[in-house]
Amino acid sequence: MAQVYRGGQPYPAGHPSRLTPHEVRTREFAARRRGVDHDEVREFQARVADELAMLNETVRLLSQENDRIRRALRDWQIMHAQECPPAQEHHPNSGHW
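To keep things clear, this report deals only with the structure shown in the data block. Keep in mind that this is a model prediction, so the values were computed, not measured.

Rules behind the numbers
- Residues numbered from 1 in each chain as written.
- Predicted model: local features only at pLDDT ≥ 70, side-chain atom pairs only at ≥ 80, totals over all residues.
- Heavy atoms only, no water.
- Helix = DSSP H or I, 4+ residues; strand = E, 2+ residues; numbered from the N terminus.
- Buried < 20%, exposed > 50% of the residue type's maximum accessible area, 1.4 Å probe, protein only.
- Areas by Shrake-Rupley, 256 points an atom, 1.4 Å probe, with all protein chains shown as cover.
- Polar contact = N/O pair within 3.5 Å; in protein donor to acceptor, adjacent residues only side chain to side chain.
- 1 Å grid on protein atoms, 1.4 Å probe; cavity = no way out; pocket = protein on both sides within 12 Å on 5 of 7 lines; lining within 4 Å.
- Points joined across faces, edges and corners; volume = space filled by probe spheres on them.
- Nonpolar A, V, L, I, M, F, W, Y, C, P; charged D, E, K, R; others polar.
- Patch = residues over 30% accessible without salt bridge, like charges linked within 9 Å, V, L, I, M, F, W, Y side chains within 5 Å.
- Salt bridge = Lys/Arg side-chain N within 4 Å of Asp/Glu carboxyl O.

1. Quick word on the overall build of the protein chain
Point 1. A count of helices and strands for the protein chain gives two helices and two strands.
Point 2. For the protein chain, the sequential pattern of α-helices and β-strands runs β-β-α-α.
Point 3. Put simply, the protein chain has 97 residues, and 7% of those count as buried.
Point 4. Carbon and sulfur atoms form 56% of the exposed surface of the protein chain, whose accessible area is close to 9500 Å².

2. As for the environment of Asp-50
Point 1. Counting through the fold element by element, Asp-50 comes out in helix H2 (residues 38-83).
Point 2. Accessibility expressed as a relative area gives 43% for Asp-50, which makes it partly exposed.
Point 3. A C-alpha to C-alpha distance of 9.4 Å links Asp-50 and Val-24, two positions 26 residues apart in sequence.
Point 4. For Asp-50, the side chain forms a polar contact with the side chain of Arg-25, separated by 2.2 Å.

3. Considering the layout of surface pockets
Point 1. Size it by volume and the largest pocket reaches roughly 210 Å³.
Point 2. Considering only residue class, the lining of the largest pocket consists of five nonpolar, two polar and four charged.

4. Focus on a nonpolar patch on the surface
Point 1. On the surface, Leu-73, Trp-76 and Met-79 cluster together into a nonpolar patch covering about 300 Å² of accessible area.
Point 2. By secondary structure assignment, the location of Met-79 is in helix H2.
Point 3. The class of Met-79 is partly exposed, set by a relative accessible area of 37%.

Below, the structure is given as C-alpha cells:
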C-alpha cells in the first residue's frame, strides 16, 4: 500500500485525519511546466471548502440529534421499567380449563 502524505507528514497509522475547510482553502500546489489557471483552482478550493464546512455542520447537528434521541429512549426505558410490572411467565397447565 502506498504511503499517503498530508502536510509533508505521513498519516499516523495510515489513517487520514479529517480534512478541514481551512486546509482546502489554503493548500498550495507546486508549479509545473504546464500549469493550471490559479483563479480556477482557488474558485474550486473555495467551493470544496464551503461544501466541506456545510457537511461538517450537518454531521455535528445529526450527532446532537442522535444523542438527544438516545437520552430520550433511555429515559423512556427507565420510566417503563419502573411503571410496568414484570411480565409473568405463562405456563401451559395454569389455564382456566
